[in-house]
2 protein chains.
Amino acid sequence: MKTYLDCLPCFLSQALRTARIATDDEKKVKRVLDEVGMMLRDIPLESTPPESGRLIYRKISKITGNLDPYREMKSESTKKALSLYPSLKSRVEKSNDRVLAAIKIAIAGNVIDFGANWGFDLKHDISEVLEKDFAVCDYNKFKDGLDKADEILYIGDNAGECVFDRILIEEMKKPVIYVVRDVPIINDAIYEDAVQAGIDKVATILSSGTDAPGTILKTCSSEFKNIYKKSKFIISKGQGNYEALSSENRPIFFLLKAKCGVIADDIGVSEGDIILKEIKNR
Amino acid sequence: MKTYLDCLPCFLSQALRTARIATDDEKKVKRVLDEVGMMLRDIPLESTPPESGRLIYRKISKITGNLDPYREMKSESTKKALSLYPSLKSRVEKSNDRVLAAIKIAIAGNVIDFGANWGFDLKHDISEVLEKDFAVCDYNKFKDGLDKADEILYIGDNAGECVFDRILIEEMKKPVIYVVRDVPIINDAIYEDAVQAGIDKVATILSSGTDAPGTILKTCSSEFKNIYKKSKFIISKGQGNYEALSSENRPIFFLLKAKCGVIADDIGVSEGDIILKEIKNR
């Protein structure tokens, strides 16, 4: 997905919020805004938003000296998500279609987002998504693909959200490679976050090698790219991965909540909609 | 009021919305964001927000070639407000305290704002304010001042809002000088807007001389400043005038709705609160 003009003020708002979490020094926060403000003109609209997000969040870390401002908030998200795990499991057990129920739960976990969806209320937002109908639901294709798949490449998104992904992984009954970011970026899941969520018990965890808030292939490791190219069934979670991969010519199912108007317009749905969508660029 | 860091992303969002209204040329809109982004680092936090707003909106006009992007929207606002005039008058007539009822109506008109309160729904927001209790209500002092006043200096804010101000002017039964901006800036009222609202029938309309979205005295005419300095009873409407005049040592009553968190914090109330407040810096 390209960068829209609406992304630019959003970058600045994100920079302010993150800088304030990263440091108490108001002068450094001001410097973050000054420098991010000046970066905006160099953002090519044809690049994807996580490419710019990557540069902006690195700039914030450089100025504030804080390499992982969301560390504690990520761990808290995972703890809160784990506390919901038993009730979500019993929801799956009571459903008519366990995989479909688990897909919805995995999408519900996508409300955890300290980038574009700041100010979420976990319990409230989760139950709202669970009651919602899909705006796009390529479930039959998903089931077909899943039946034929020997292995699933599952590209994770945020910390905390991993707990919800785990529920879907447990229902798919196939070997899963679960992909995380290589280093901390916003509240995106890295290896430690996936382990805290218990993903290591149900899947092989693999770093994509990227330091961006989305799977931008040119920033990924060769190891990841080789696995990605061979994968016949790929699940991509969340906005950042959608933004990075929506133009790809691969068998990818995008699972996400459209948390901003820009993403919603790009997909052709309304803000707040939930989506299970296979995008065919081939 | 000083500029808060939160004002900076808000400036950029306002610039995007305004540029899109001012022109269909996406390249010019991008240039607006680029240039406003670069202006941010030069904004002194000790200056008031309308001082920067003035420079930013001038920049938008310069780049887009549109000196008055809100012209039609202003006129539409006034027409809509005029259509509500009869029902608001009858509300005053049925009230126990006509002046207090009219004050609330004047504040309700403050929801009309294409700067910080974009996306308002006139009828809905007006009735919401009318049902709301004041968070600060220096009404006794206001009544005292009004009783003693020979003349009222009433500093207007936005087009459309003038219609609501007219209702308060009609109830105060004293000579009123109604102050407007000198040239178009956002949707702030200029002479023509006040006339369209019928203010010329109930008050003397005077330009402050400013081209800013707030009464920044150093940008005002000598004529206005002389009248301002001698005034013994001043009414200041809206956020822009509050931002410009809140540190002044004059007998000013601020009538406004706190439409953003920054203003609310500065006043010590909650976002959405309505206020009739005399600020004493003397």
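Residues numbered from 1 in each chain as written. Chains lettered and ligands numbered in written order. Predicted model: local features only at pLDDT ≥ 70, side-chain atom pairs only at ≥ 80, totals over all residues.

Draft legend 1. Structural view of the relation of the copies chain B and chain A. Rotating chain B by 180 degrees and translating it 0.0 Å along the rotation axis places it on chain A, where the RMSD comes to 0.0 Å. On this basis, the relationship between the two copies can be described by a two-fold rotation axis. A symmetric contact is evident, with 100% of the interface residues of chain B recurring at the interface of chain A. (Least-squares fit on C-alpha atoms with pLDDT ≥ 70 in both. Contact = placed C-beta atoms within 7 Å.)

Draft legend 2. Representation of the interface of chain B and chain A within the structure. With 15 residues of chain B in contact, the opposing surface of chain A contributes 15 residues. Mapped by element, the contributors of at least two residues to the side of chain B that touches chain A are α1 (7-22) and α2 (26-39) of chain B. At six residues, α2(B) tops the list of elements feeding residues into the side of chain B that touches chain A. For the side of chain B that touches chain A, a count of residues per class yields nine nonpolar, two polar and four charged. (Helix = DSSP H or I, 4+ residues; strand = E, 2+ residues; numbered from the N terminus. Nonpolar A, V, L, I, M, F, W, Y, C, P; charged D, E, K, R; others polar.)

Draft legend 3. Seen up close, α1(B). Residue and element names in this part refer to chain B. Between the first and last C-alpha of α1 there are 22 Å, a value that for 16 residues agrees with the 22 Å anticipated at 1.5 Å per step. When you tally the buried positions in α1, you get twelve out of 16 residues, the bulk of the element. What α1 keeps buried is the set C7, L8, P9, C10, F11, L12, Q14, A15, L16, T18, A19 and A22. (Expected span 1.5 Å × (residues − 1). Buried ≥ 20, exposed ≤ 12 C-beta atoms within 10 Å, placed from the backbone.)

Draft legend 4. How the structure looks around the packing of helix α2 (residues 26-39) of chain A against helix α3 (residues 49-64) of chain A. Residue and element names in this part refer to chain A. Between α2 and α3, the least distance of the axes is 10 Å, while the angle of their chain directions is 150 degrees. Comparing their axes, α3 and α2 come out roughly antiparallel. In this structure, α2 meets α3 at a crossing whose hand is right-handed. Where α2 approaches α3, its residues K28, R31, V32, E35, V36 and M39 are matched on the opposing element by L55, I56, K59, I60, I63 and T64. (Axes fitted to C-alpha atoms, helices over the stretch in contact; angles between N-to-C directions. Parallel < 35°, antiparallel > 145°, perpendicular 65-115°, else oblique. Left-handed = near helix turned anticlockwise from the far one by under 90°.)

Draft legend 5. Spatial organisation of the confidence of the model for chain A. This prediction gives chain A a mean pLDDT of 95; 98% of its residues lie at or above 70. What the predictor reports for the complex is a pTM of 0.91 with an ipTM of 0.88. (pLDDT = per-residue confidence, 0-100.)

Draft legend 6. Summary view of the nonpolar core. One finds A:A15, A:Y154, A:Y178, B:A15, B:Y154 and B:Y178 to be the most contacted residues of the largest nonpolar core, which totals 171 residues. Here this core takes nine residues from α1(B), the largest share from any one element. Sequence-distant contacts of B:Y178, that is, excluding residues within four places in its chain, are made with B:Y154, B:G156, B:A194, B:I199, B:A203, B:T204, B:I205 and B:L206. (Core = buried A, V, L, I, M, F, W, Y, C linked by C-beta atoms within 7 Å.)

Draft legend 7. Representation of the domain arrangement of chain A. All names here are of chain A. We note that the domain assignment places domain 1 (7-64) and domain 2 (81-278) within chain A. Each of domain 1 and domain 2 was reduced to a C-alpha centroid, and the two centroids are 26 Å apart. Contact residues are listed per partner, giving eleven residues for domain 1 and 14 residues for domain 2. Of all the secondary structure elements, the ones that give two or more residues to the side of domain 1 that touches domain 2 are α1 (7-22) and α3. A total of six residues in the side of domain 1 that touches domain 2 trace back to one element, the largest contributor, which is α3. (Domains from an automatic or database assignment.)

Draft legend 8. Broad picture of unusual backbone geometry. In this model, A:I186 sits at a positive phi of 45 degrees, which is unusual for a non-glycine residue. Position of A:I186 relative to the elements: it lies in the loop between β3 (176-180) and α9 (191-196).

Draft legend 9. View of the environment of A:P213. Looking at the element boundaries, A:P213 is found in the loop between β4 (204-207) and α10 (222-230). The spatial distance from the C-alpha of A:P213 to the C-alpha of A:F233 is 22 Å, given a sequence separation of 20 residues.

Draft legend 10. Inspection of the sheet that holds strand β1 (residues 134-137) of chain A at higher detail. All names here are of chain A. The seven strands lie next to each other as β1-β7-β6-β5-β2-β3-β4, forming an open sheet whose pairing is mixed. A single partner strand is all that each edge strand has here, and the edge strands are β1 and β4. Each adjacent strand pair in this sheet contributes to an overall mean axis angle of 20 degrees, direction not counted. In terms of strand pairing, strand β6 (residues 252-257) meets strand β7 (residues 274-278) through five bridges, oriented antiparallel. Opposite F253, over in β7, you have E278 as the bridge partner. Docked against the sheet, helix α5 (residues 98-108) engages β5 (234-237), β6 and β7, running at close to 60 degrees with respect to β6. (Pairing = 2+ DSSP bridges.)

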